[in-house]
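Remarks on the overall topology
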Amino acid sequence: MNLLTDAWIPIQHQSNYQKISLQQLLCGEQTGELCLPRDDMELACVQLLCAITQALFIPKDKKALVQLVREPITSETYAEASREKMAWFDLNHPETPFMQIRGVKSTQPTPMDKLLAGVADGTNKAFVNPQGLADALCGGCVAIALFNAANNCPSMGGGFKGSLRGSTPITVLIKGRTLRETIWLNVLTEDTAEYVMPWYPETKDQLPNYLDRIKADAKIPASRIGLNRGLLWQPAHFELLPSQSSANCSCCGCYEPVYNGFNKAKFSYTVEGVWPHPLSSRTFAIKKSEREEKFPSFTTTAPTWTHMSRLVVDQQNDKEGQQTAPVIQQARTFLATDKIQLIVGGYRNNQATVLERRHELFSLAQGWAEHGDVIQQIITGGLAYKTALRKALYLFAVGIKDKVNGSGVNLCDPVEAVYYQQTENLMHNRLAAIQFKASQDELQSLNKQLKAIVIDLFNKATESYRQEPKMLKALALARRSLHKSFKELEPQGETP
Ligand SMILES: [Zn+2]
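Our subject in this report is the structure included herewith. Everything quoted here is computed from the prediction, not taken from an experiment. (Residues numbered from 1 in each chain as written. Predicted model: local features only at pLDDT ≥ 70, side-chain atom pairs only at ≥ 80, totals over all residues. Heavy atoms only, no water.)

1. Some points on the sheet that holds strand E8 (residues 237-240)
By way of backbone hydrogen bonds, the strands of a sheet pair with one another, either parallel or antiparallel. With antiparallel pairing, 3 strands are arranged side by side in an open sheet as E4-E11-E8. Lying at the two open borders of the sheet, with one neighbouring strand each, are strand E4 (110-111) and E8. Direction of pairing for E4 relative to strand E11 (residues 261-265): antiparallel, over a ladder of 2 bridges. Of the residues in E11, the one forming a bridge with Pro-111 is Gly-261. (Pairing = 2+ DSSP bridges. Helix = DSSP H or I, 4+ residues; strand = E, 2+ residues; numbered from the N terminus.)

What follows is the structure, given as structure tokens:
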């Protein structure tokens, strides 16, 4: 099973489901939407397709990339690019199997479900995943699962290394009109690669670490890791057990040779610094004159739009800042005058346990690239009205010491959850349709809508306590706080 030549990409086109090869996809011979039963596997599949394509081709500059987005390549071009990389992408290669190490010693094999995040250990697994999902996986699904575990998931636990981006990074991809376009839009050009990793020229011929292995306990500066090596980084030592028979794959359902388990072993090394992954934004803070970088991840239940400014807006001062994903930086140079669609996804975890999966689509209106400040204001507004609501409800609960008795009823969390539900579409639509030329009017109208939602939620939440004489003072206090917050949120010089 070789990812460069076999048909392993599950595609739905009109009502036809079939598996196609990467060559058929990039040469425009087949088209369709990716089709897997799990949204995280679909996201990982797009990432894997982008990583393989990046390993095969690196367009020189923007012009070459635009050409690749526009027109399929020829089968000769594909064959030539893949010839030397066949050994990188062979799942059963005798020496260098894809994302595995030969000769992994473990006392007993690990069942396949461990390779799928959240299946074996999620607290809510019965609700999230159909039963029996990972008993046996076909070659395509197992390749996606290996890649997903290496890039997007918490590590296998104590002693196992996690991905280059930390345990559960947020991934951002640009969505094209077709899957083929999507892949190219997330491939870096040589120009961008040199810009985001100045060490690109001297590391561009590096092999993946499952071909050119890391020495045990090595200390590896992130700035020694080349583009392909980083994209295909395997942080752990895994080895699939040979496929014994054919069966229905528990993920895609196809009848194919399947894998039932794998061996895993701890392996220790240290990567120093942060590797600038093409599909991740980074935030940084200067602490004791040292720059500390991090990849954003979903740490709370707050919806994905609350992260949007970190994902699409660059900013920095002398203490902290944020930098968008290299693919977004690159897109600004040639998609600036268009709308852009983003695929945003990742897991929310508590250590090794996956609590939630996200895979969402966002549109940003035409002008997104130059109006980061307005995008930032939209997000800040959405968060500020939420904070005003929370603050008022908090005062309702606890009052003010020695002056006003609190009600003792804390409504902050449940009402915040409803606020997020009720504003979700509003925020999505505003980001997708804002007229940046009239941004001040648009922001004001958004704030009006948010304010109306907050007033409504506050009234509904406190309605049943209005008849309680003991709580009236706390209610009045909360209401005053709400109006004070509203006033602060209104543009200065305007009468409320
Ligand atoms: Zn499968």
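2. Points about helix H14 (residues 412-433)
Here H14 spans 31 Å end to end across 22 residues, near enough to the 32 Å set by a 1.5 Å rise per residue. Buried residues of H14: Cys-412, Val-415, Glu-416, Tyr-419, Tyr-420, Thr-423, Leu-426, Met-427, His-428, Arg-430 and Leu-431, and no others. Those residues of H14 that are buried are in contact with helix H11 (308-312), strand E18 (353-364), helix H13 (372-398) and helix H15 (439-462). (Expected span 1.5 Å × (residues − 1). Buried < 20%, exposed > 50% of the residue type's maximum accessible area, 1.4 Å probe, protein only. Contact = heavy atoms within 4.5 Å.)

3. Some words on the environment of Arg-180
Assignment of secondary structure puts Arg-180 in helix H7 (residues 179-185). Exposure remark for Arg-180: the relative accessible area of 10% places this residue in the buried category. It is 9.4 Å that separates the C-alpha atoms of Arg-180 and Leu-68, two residues lying 112 residues apart in sequence. In this structure Arg-180 touches Leu-25, Leu-26, Gly-28, Leu-68, Val-69, Arg-70, Glu-71 and Pro-72, once residues within four positions along its chain are discounted.

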